[in-house]
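Here's the letter readout for the chains.
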There are 2 protein chains.
Amino acid sequence: MTGRLFVIGTGPGNPAQTTPEASAAIAEAGHFFGYGPYLDRLSLRPNQQRHASDNREELARARAALDMAAGGAVVAVVSGGDPGVFAMAAAICEAVEAGPARYRAIDLTVVPGVTAMLAVAARAGAPLGHDFCAMSLSDNLKPWTLVERRLAAAADAGFVIALYNPISRARPWQLGRAFALLRTHLPGTVPVVFGRAAGRADENITVMPLGEADPAKADMATCVIVGSAETRLIDRPGRPPLVYAPRSAGALAERAGTT
Amino acid sequence: MTGRLFVIGTGPGNPAQTTPEASAAIAEAGHFFGYGPYLDRLSLRPNQQRHASDNREELARARAALDMAAGGAVVAVVSGGDPGVFAMAAAICEAVEAGPARYRAIDLTVVPGVTAMLAVAARAGAPLGHDFCAMSLSDNLKPWTLVERRLAAAADAGFVIALYNPISRARPWQLGRAFALLRTHLPGTVPVVFGRAAGRADENITVMPLGEADPAKADMATCVIVGSAETRLIDRPGRPPLVYAPRSAGALAERAGTT
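- Going by the annotation in an unreviewed UniProt entry, the name recorded for chain A is Precorrin-3B C(17)-methyltransferase, with Nitratireductor arenosus given as the source organism.
- Under the UniProt heading Pathway (unreviewed entry), the note attached to chain A is "Cofactor biosynthesis; adenosylcobalamin biosynthesis."

**A closer look at the packing of aromatic side chains**
For step 1, the next point in the chain: Considering all chains together, one arrives at 10 aromatic pairs over all chains under this definition.
For step 2, the next point in the chain: An angle of 75° between the planes, with centres 5.1 Å apart, marks the rings of Trp144(A) and Trp173(A) as edge-to-face. Taken together, the residues Trp144(A) in helix 7 (residues 144-156) and Trp173(A) in the loop between strand 8 (160-164) and helix 8 (174-183) connect sequence positions 29 residues apart.
For step 3, the next point in the chain: A relative accessible area of 36% places Trp173(A) in the partly exposed class.
For step 4, the next point in the chain: Members of the aromatic cluster, joined through ring pairs, are Phe86(A), Tyr164(A) and Phe132(B).

**Concerning the domain arrangement of chain A**
Residues and elements named next belong to chain A.
For step 1, the next point in the chain: Segmenting chain A into domains produces domain 1 (4-114) and domain 2 (117-247).
For step 2, the next point in the chain: Each of domain 1 and domain 2 has a C-alpha centre, and these two points are 28 Å apart.
For step 3, the next point in the chain: At the junction of the two partners, domain 1 supplies 10 residues and domain 2 supplies 11 residues.
For step 4, the next point in the chain: Regarding the contact of domain 1 and domain 2, the summed buried area is about 720 Å², with carbon and sulfur atoms giving 66% of it.
For step 5, the next point in the chain: Here domain 1 and domain 2 share 0 salt bridges between them.

**Some points on the side chain of His51(B)**
Residue and element names in this part refer to chain B.
For step 1, the next point in the chain: If you trace the backbone, His51 turns up in strand 3 (residues 49-53).
For step 2, the next point in the chain: In this structure the side chain of His51 is engaged in a polar contact, spanning 2.9 Å, whose partner is the side chain of His31.
For step 3, the next point in the chain: Discounting residues that sit within four places of it in the chain, His51 has contacts with His31, Phe32, Phe33, Gly34, Leu39 and Met68.

**Considering the sheet that holds strand 13 (residues 239-244) of chain A**
For step 1, the next point in the chain: An order of 6-13-12 (chain A) is seen for the 3 strands of this open sheet, with the pairing classed as mixed. What marks the edges here is a single partner per strand, and that holds for strand 6 (125-126) and strand 12 (232-236) of chain A.
For step 2, the next point in the chain: Alignment of strand 12 of chain A against strand 13 of chain A, held across 4 bridges, turns out to be antiparallel. Note on strand 13 of chain A: the bridge partner recorded for Arg236(A) is Arg239(A).
For step 3, the next point in the chain: Helix 4 (residues 88-98) of chain B rests against strand 6, strand 12 and strand 13 of chain A of the sheet, and its axis sits at about 115° to strand 13 of chain A.

**Topic: the environment of Thr19(B)**
For step 1, the next point in the chain: Along the chain, Thr19(B) falls in the loop between strand 1 (4-9) and helix 1 (20-28).
For step 2, the next point in the chain: Residues Thr19(B) and Pro112(B) lie 93 residues apart in sequence; the distance between their C-alpha atoms is 8.5 Å.
For step 3, the next point in the chain: Not counting chain neighbours up to four residues away, the residues in contact with Thr19(B) comprise Ala16(A), Gln17(A), Thr18(A), Thr19(A), Val114(A) and Pro112(B).

**Remarks on the relation of the copies chain B and chain A**
For step 1, the next point in the chain: Between the two copies, chain B and chain A, the superposition gives an RMSD of 0.0 Å; the rotation angle is 180° and the shift along the axis is 0.0 Å. A rotation of that kind, with that shift, is consistent with a two-fold axis. If distances are taken from each C-alpha of chain B to the rotation axis, the shortest is found for Cys133(B), at 1.9 Å.
For step 2, the next point in the chain: Taken as a fraction of all interface residues of chain B, those also at the interface in chain A reach 100%, which identifies the copy contact as same-surface.

**Comments concerning helix 8 (residues 174-183) of chain B**
Residue and element names in this part refer to chain B.
For step 1, the next point in the chain: Turning to helix 8, its buried residues are Gln174, Leu175, Ala178, Phe179, Leu181 and Leu182. Here the buried residues of helix 8 occupy an arc of 165° about the axis, which is enough to place them on one side.
For step 2, the next point in the chain: Packed against the buried residues of helix 8 are helix 7 (144-157), strand 8 (160-164), strand 9 (191-196) and strand 11 (222-226).

**Observations regarding the pattern of salt bridges**
All names here are of chain A.
For step 1, the next point in the chain: A complete count under the given rule lists 26 salt bridges over all chains for this structure.
For step 2, the next point in the chain: For Asp202, the salt bridge identified is with Arg196, shortest N-O distance 3.4 Å.
For step 3, the next point in the chain: Accessibility expressed as a relative area gives 25% for Arg196, which makes it partly exposed.
For step 4, the next point in the chain: Each member of the salt-bridge network shares a partner with another, and the members are Arg196, Arg200, Asp202 and Asp219.

Parameters and conventions
Residues numbered from 1 in each chain as written. Chains lettered and ligands numbered in written order. Predicted model: local features only at pLDDT ≥ 70, side-chain atom pairs only at ≥ 80, totals over all residues. Heavy atoms only, no water. UniProt positions renumbered as here; feature names shortened; annotations may be inferred. Phe/Tyr/Trp six-rings, centres within 6.5 Å; stacked < 30°, edge-to-face > 60°. Helix = DSSP H or I, 4+ residues; strand = E, 2+ residues; numbered from the N terminus. Buried < 20%, exposed > 50% of the residue type's maximum accessible area, 1.4 Å probe, protein only. Domains from an automatic or database assignment. Contact = heavy atoms within 4.5 Å. Buried area = accessible area lost by both parts, 1.4 Å probe. Salt bridge = Lys/Arg side-chain N within 4 Å of Asp/Glu carboxyl O. Polar contact = N/O pair within 3.5 Å; in protein donor to acceptor, adjacent residues only side chain to side chain. Pairing = 2+ DSSP bridges. Axes fitted to C-alpha atoms, helices over the stretch in contact; angles between N-to-C directions. Least-squares fit on C-alpha atoms with pLDDT ≥ 70 in both. Arc of directions from axis to C-beta.

Listed below in structure tokens is the structure:
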């Protein structure tokens, strides 16, 4: 007999941003796998069992969850944000591909969520309003040369760039190196949004030009959005500025002609 | 006096994927602006007023909503998915920047939602599990040459590509042209996911190799995800296949060495 496996995204951390679908899946599951701080956000019943693990043990965690589901349990693997964006859904799929046939028989449901860049973008205005990309700055699982190649390609092609995993104790220099590289491809005036804990009580949204962007403004809980050359900044008296991507790639020229 | 403006994303269309934050904002607002079919999904009270408009009138709609909020009303502009991804938040910001000072005094809140590519990705496995980009295929507001340049840059740099607005009656050839271009940059075996109405009753998720990808499989309600050369497909007996992006850019080599 086989059980069921939910891979659940709880959103950015504010319970009001967790979908009813995710809440229902959490209520249904008996066993919970995930990074401790994500599991801490859940209000579990006494008969729901936590299996917390370190953030760097994704594949081992995936196998443990799959084994338990294959044995008949209803299991939840929990990610913050969306489980499909630099999170557990890919690790689960990897474990299924490399694992025994019983993993492929599991009733697997991925429950999407509001990923960090969307929550940060909402607080800043609409910086992802036109073509954009999302990249992990971690070079744990890919060479740094590939990160740099992708940053350069994205900036040159005019994509706004959302950076996940920008910095950590074990990866202290990558964000500074990324900013330095991007300054050689983009004007120093391009707005950069540092979005920490968007939607939560300790939220902190900071906007600064790329030329002055300070990696020390970011930590593990920060999503950084680097604008394109077309990104606009609107000052508002008594309110934070709005950062947005014009819907039209010809908007700059059009504005120059009319104002 | 000034009112309040919510720019709300209702998610992919399944009410279970609308966040409580979005539902609360909908309950609070008195006036609703948006594309008719999105407004039709809301269960409004008799004293909540609908102002439906055509999908192509985004800027006029933004101005009408801003005028009403500036006059003191509590106004909601409603998008499906996330309002910050190829939707109304950017149009609102554009209207604020070009508009009168009273627009900048409005209490503006963007409420994020689950955008289409996340819902489609969840149904397919984890195709957005590593670096990816999101592009609109519409050439209404940007030249087609720029679309082609971005497609080529993204494919060459190894980004998975999520395509919004892939096709419409007025834009019948763009998706086919995009597939043809991508075939010159990526192997024909790369999985392409056509995700229509993900999470809704009429959901249809189809996976086919890029070499055989048929633009006729898409319509206005479809989000198309084109994999990278590293994207994997897992067959499962009696279940739909899983499509995912390995977390590691070295995974191909590693797998080749162990199997």
